[in-house]
Amino acid sequence: MHRTTLGVPREAGAREKRVAIVPETVAKLAELGFDVIVEAGAGAEAGFDDAAYEEAGATVSGPESYREAPAEDPWKADLVVKVSPPSESEAKRLREGATLVSLLQPESNSELMAALEAEKVSAIALDKIPRITRAQKMDVLSSMANLAGYRAVLEGAAAYQGFMGAQVTAAGTDPPAKVLVIGAGVAGLAAIATAHAMGAEVRAFDVRPATAEQVESLGGKFLMLDFEESGEGGGGYAKVMSEEFIEAEMALFREQAREVDLVITTALIPGKKAPTLLPEDVVAELRPGSVVVDLAAAAGGNCVYTKADEVVVHEGVTILGYTDLPSRMAHTASRFFSANVRHLLTDMVGEEGFVLDLEDEVVRAATQIHEGERLPPPPRKEPTPPPKPEPPREAAPRKEPEEESGAGKAVGTVIGAAIAAAAFALVGLFAPEDFVQHFTVFILACFVGWQIVWAVAPALHTPLMSVTNAISGIVLVGGLVQAAPGGSGLPVILGAVALLIGTINVAGGFLVTERMLGMFKKGGPK
Amino acid sequence: MSANAITVSYLAAAVLFIVAIKGFAKPETAKGGNRLGILGMAIAVAVTMALAFREGTAGLPIVAGTVALGTVVGAFLARSLPMTAMPELVALLNSFGGLAAVFVGMSSYLEPGELDETERAIHLVECWIGVAIGAITFTGSVVAWGKLRGTFSGAPRLLPGRHLLNLAMLGAIVGMCWPYLDAVDADAGLQWLLILAGVAAVLGVTLVVAIGGADMPVVVSLLNSYSGWAAASTGFVLRNDLLIVTGAIVGASGAILTIIMCRAMNRSILNVVFGGFGTAGSAPAASGDGPQGEVQETDVDGLVAELKQAKEVVIVPGYGMAVARAQHGVKELVELLQERDVRVRFAIHPVAGRLPGHMNVLLAEAGVPYDIVLEMDLINEDFPETDVALVIGANDIVNPSAATDASSPIYGMPVLEVWEAKRTVVFKRSMSTGYAGVQNPLFFHERTRMLFGDAKKSVDAIVGQLRD
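Being a predicted model, the structure only gives us computed values, none of them experimental.

A. Broad picture of the overall build of chain B. A tally of helices and strands in chain B yields 19 helices and 6 strands. When contacts within chain B are restricted to residue pairs at least 6 apart in sequence, those whose partners lie at least 24 apart make up 77%. Here chain B displays about 17800 Å² of accessible surface, and carbon together with sulfur accounts for 61% of that area.

See below:
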């Protein structure tokens, strides 16, 4: 198994405080065959100092050290792991044949993709990891969205000048804040849960009616739209909706805007500009002092007044367009990010060490560039729904099979009795007397058998089966009668064969039953 | 021997059979029941011999020799096979019953005795029915036997258009009756009977190959029932009331077991026989969704520590325990826990294993007293008070989606609610699905721990640690 060097450069973006790999992960990666090189100060803003990395077994190197030992440059490692997409100049520092693992947003970063292609590297986009069950533990987008949803409520609450939960004080009583969450994806659900936990009254809307249950399980009230259209797109995202739908939706938002104090919008459509959910006329309905937190700010925003990374105040309404919400919780965000990356790498390490296996569904989907060649998107597979939050503990009401089969049994009995009666009447009318006698015996025997077998203990069902099996070997009597005349005629031979196998059946059946029953013992007093 | 004496003797045999089965109501009386059954059979054979040899003993050597040989072979099978092979043996013996009915039917066709016109017609039809049921029972049981012992794959084989094919064969079985009845002489008629036996034999195969391994308890019960009806139809062929009575009782018994098994799976008999369970519609649900989260593993040390703390332990055995032959280790485990004043009980699902009551027999074989082995209904409500539930080689019968997930193919099937226990440990080889092919959310439950590996080795390791 070969060892792979894994470089963790310092993030260059002004608002990027996260680090891709935290010290806790370094040791685990070492076990998997990775030698981790961390750029000095890479974790500083997330609260991980260089000493912690060194303690965990990583090599920490600054420009002065790798000028002397180029092998210690994190950008020259076999595998480079980053949070934000690298700049083009950073991309040029990668060495040929290296692999880059990072968020890449390939659709909006075509120049970067071209630069990576030119460097003949392989690039794995963490944001392109498919949303399938197996890859849940590697899903950076989900874990970051979870943080973003949580943080959005805190930022919104900080900007809002009232209480979130209801307050009863000597000076007067305040009702809880009313929070509207639009879009019940991972971020939306986290926001719902957070706002609910803070005591706010939460309502939520999503174009996918299937999310209603999840919203309600987290304490939100799902707003129903009186309109038949599901917005279920692929991979747990929503799709673009029809005009009529949007009109109905806007009417709902205008109505809600008059009541709510805090609006959190999380609507994203993959590869497209974020849909405008709060146009001028909806914002106009919001009361002064209310707050909008737009989680789609980086993709153009769900609110018309949103400006990315800025706080806009429009006629008393504060609109927060932060794009760095996870980074505002850099410590925790880095830990989650790092764990996601570790899960991905764990899956990629085979017996020979780290390999980029394009046969693997997850790796194939996430790999954008393979050894300098741009890969086409993988063939679409059946989309699976997004991870559902743990359902509430109470089991769904149990279907009562007893009653149903009881009713079914009654009907069955009646029908059976009717058929039997009809058959009996026919037999009585047409069959000779001798046959009717046998038939009577047969029917009576059926009833007797029916009565006594129900009383058999379930524990004895196997012995019952084997004893009835033995008894059914009574056909040997038939064989005996046919074979009795002797000689070598065909009937005699057939009879003899029947007698033989019938006897095996009888003897075997009874003896096996005997053997089984011999084992059933009652426990002695203890 | 007078005709009345024979009738009375047959009546006595029939009554003995009835009383025998009645004895199976309780484990205490079952053994006596079995002896009465043997007595009944002995009387039946003796009386029949007396009747058959009334007019001459030319066939005596053949008959005596055959009976002796059959008894030796049967006894050998019964004695030599291990208890784990019991399901196969029952299926195999069942096939013999069916085959015997085929031969008796043919033989009687050739030697019908003296009959008037109407009686002759009825006798012909009776032979027809007897051969058909017998042949279906025979090949069906052989296929079931093969599936149970693993010679054939347990997975359902679905032939294209099998419903049409089965229907066509059923139609042929009924349709061919007419040319057979019109046959000019015995040879022509026998040919029709042979063709019939062939078609019915194929039908027996196609019916049973389509049924999956988990449904084996139902199939074996159903075939058991068929073998009874085959005996009853033979009784009609030979105008012998004893056969009719016995066949009817066996038929009813098999039918009841079939019903009990179907109820335990919340499925109708038609669904089992024609369903091809765990394939067609339900499979994508199984493969697509995959696990719902992470499984949490435990090891022998961890489990032993938990068992030492426990006061109430319930063991849920499944077919996996039988396959791993872990029942003896389980019995030792039970004794060691009982010495520590832990109350240990077993929870048995009606369809656990490959035969109705299969688990009870295995546990009895290992020497587990039957009064701590409880049926599902008696123990299900005790799970919330259970400290540790050990699931050994069971899967579908402890699947919570049967109770909660309406889209699950096993929805509505009563299951053992082990997830209610304070801790559930699942002994399993791997994360593969059970026979129904559905994923089991139990494995991802927060209070569930998985103990991967061979059940016997795991149990033995636990026993070893508890002993120290």
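Next comes the rest of the write-up.
B. Seen up close, the overall build of chain A. Broken down by element type, chain A carries 17 helices and 19 strands. Across chain A, contacts joining residues at least 24 apart in sequence account for 64% of those joining residues at least 6 apart. Accessible surface, chain A: about 23700 Å² in total, of which carbon and sulfur atoms supply 56%.

C. Spatial organisation of the side chain of serine 334 of chain A. Residues and elements named next belong to chain A. Within the secondary structure layout, serine 334 lies in helix 11 (residues 330–348). Polar side-chain contacts of serine 334 include one of 3.0 Å to the backbone nitrogen of valine 19. Excluding its chain neighbours within four sequence positions, the residues that come into contact with serine 334 are Arg18, Val19, Val22, Ala46 and Phe48.

D. Examining the pattern of salt bridges more closely. Residues and elements named next belong to chain A. With the rule as written, the count across this model stands at 27 salt bridges over all chains. Across the pair arginine 335 and glutamate 24 runs a salt bridge whose closest N-O atoms are separated by 3.9 Å. You can see arginine 335 sitting in helix 11 and its partner glutamate 24 sitting in helix 1 (residues 23–31), a full 311 residues away along the chain.

E. Inspection of the packing of aromatic side chains at higher detail. By the definition in use, this model includes 9 aromatic pairs over all chains. With centroids separated by 5.9 Å and ring planes inclined at 85°, the aromatic side chains of tryptophan 450 of chain A and tryptophan 454 of chain A adopt a geometry described as edge-to-face. Placement of the pair is tryptophan 450 of chain A and tryptophan 454 of chain A together in helix 14 (residues 433–454), with a separation of 4 residues, close to one helical turn. A relative accessible area of 30% means that tryptophan 450 of chain A is categorised as partly exposed. Classification of tryptophan 454 of chain A as partly exposed rests on a relative accessible area of 32%. Among the aromatic residues, those joined into a ring-pair cluster are Phe439 and Phe442 of chain A together with Trp229 and Phe236 of chain B. The aromatic ring of tyrosine 322 of chain A is capped on one face by arginine 328 of chain A, whose charged end is 3.6 Å from the ring centroid.

F. Fine view of the pairing of strand 14 (residues 311–314) of chain A. All names here are of chain A. Direction of pairing for strand 14 relative to strand 15 (residues 317–320): antiparallel, over a ladder of 4 bridges. What sits directly across from valine 311, in strand 15, is leucine 320. The antiparallel pairing of strand 14 with strand 15 creates a hairpin that spans 2 residues between the two strands, and glutamate 315 there sits at a positive phi of about 45°.

G. Broad picture of a nonpolar patch on the surface. Residues and elements named next belong to chain A. Together, Leu490, Ile493 and Val497 make up a nonpolar patch on the protein surface, roughly 230 Å² of accessible area in all. Tracing the backbone shows leucine 490 in helix 17 (residues 490–519). The class for leucine 490 is partly exposed, based on a relative accessible area of 42%.

H. Helix 7 (residues 186–197) of chain A, seen in detail. All names here are of chain A. If you check helix 7, its first and last C-alpha atoms are 17 Å apart, about what 12 residues at 1.5 Å a residue would give, namely 16 Å. Close packing links the buried residues of helix 7 with helix 6 (140–159), strand 9 (178–182), strand 10 (201–205), helix 8 (212–217) and strand 12 (262–265). Residue glycine 199 follows helix 7 closely and has a positive phi angle near 100°.

I. Representation of the packing of helix 14 of chain A against helix 10 (residues 241–264) of chain B in the model. Look at helix 14 of chain A against helix 10 of chain B: their axes get within 7 Å of each other, and the N-to-C directions meet at 40°. The pairing of helix 14 of chain A with helix 10 of chain B is recorded here as oblique in orientation. In the crossing of helix 14 of chain A with helix 10 of chain B, the sense of the turn from one axis to the other is right-handed. Mapping the contact onto sequence places His438, Val441, Phe442, Ala445, Cys446, Gly449, Trp450, Ile452, Val453 and Trp454 of chain A in helix 14 of chain A and Asp241, Ile244, Val245, Ala248, Ile249, Ala252, Ser253, Ile256, Ile259, Ile260 and Arg263 of chain B in helix 10 of chain B. In the contact of helix 14 of chain A with helix 10 of chain B, the residues fall into 16 nonpolar, 3 polar and 2 charged.

J. Main features of the interface of chain A and chain B. Across the contact, 94 residues belong to chain A and 123 residues belong to chain B. Buried area between chain A and chain B, both sides added, is near 9400 Å², and the carbon and sulfur share of it is 74%. Remark: the boundary between chain A and chain B carries 1 salt bridge. For arginine 35 of chain B, the salt bridge identified is with glutamate 514 of chain A, shortest N-O distance 2.2 Å. Viewed at the interface, chain B and chain A are joined by 13 residue pairs in polar contact (both at pLDDT 80 or more). Counting only elements with at least two residues in the side of chain A that touches chain B, the list comes to helix 13 (401–430), helix 14, helix 15 (461–472), helix 16 (476–483) and helix 17 of chain A.

K. Spatial organisation of the sheet that holds strand 6 (residues 448–452) of chain B. Residue and element names in this part refer to chain B. Pairing in this open sheet of 6 strands is parallel, and the strands run 3-2-1-4-5-6 from one edge to the other. Looking at which strands have only one partner, the edges of the open sheet turn out to be strand 3 (373–375) and strand 6. Ignoring strand direction, the axes of neighbouring strands in this sheet form an average angle of 25°. As defined by bridge partners, strand 5 (residues 424–428) adjoins strand 6 across 5 bridges and the pair is classed as parallel. When the bridges of strand 6 are listed, valine 426 appears paired with methionine 450. With respect to the sheet, helix 15 (residues 327–339) is in contact with strand 1 (312–317), strand 2 (343–348) and strand 4 (388–392), its orientation differing from that of strand 2 by roughly 145°.

The rules behind each value
Residues numbered from 1 in each chain as written. Chains lettered and ligands numbered in written order. Predicted model: local features only at pLDDT ≥ 70, side-chain atom pairs only at ≥ 80, totals over all residues. Heavy atoms only, no water. Helix = DSSP H or I, 4+ residues; strand = E, 2+ residues; numbered from the N terminus. Contact = heavy atoms within 4.5 Å. Areas by Shrake-Rupley, 256 points an atom, 1.4 Å probe, with all protein chains shown as cover. Polar contact = N/O pair within 3.5 Å; in protein donor to acceptor, adjacent residues only side chain to side chain. Salt bridge = Lys/Arg side-chain N within 4 Å of Asp/Glu carboxyl O. Phe/Tyr/Trp six-rings, centres within 6.5 Å; stacked < 30°, edge-to-face > 60°. Buried < 20%, exposed > 50% of the residue type's maximum accessible area, 1.4 Å probe, protein only. Lys NZ or Arg CZ within 6 Å of the ring centre and 35° of its normal. Pairing = 2+ DSSP bridges. Patch = residues over 30% accessible without salt bridge, like charges linked within 9 Å, V, L, I, M, F, W, Y side chains within 5 Å. Expected span 1.5 Å × (residues − 1). Axes fitted to C-alpha atoms, helices over the stretch in contact; angles between N-to-C directions. Parallel < 35°, antiparallel > 145°, perpendicular 65-115°, else oblique. Left-handed = near helix turned anticlockwise from the far one by under 90°. Nonpolar A, V, L, I, M, F, W, Y, C, P; charged D, E, K, R; others polar. Buried area = accessible area lost by both parts, 1.4 Å probe.

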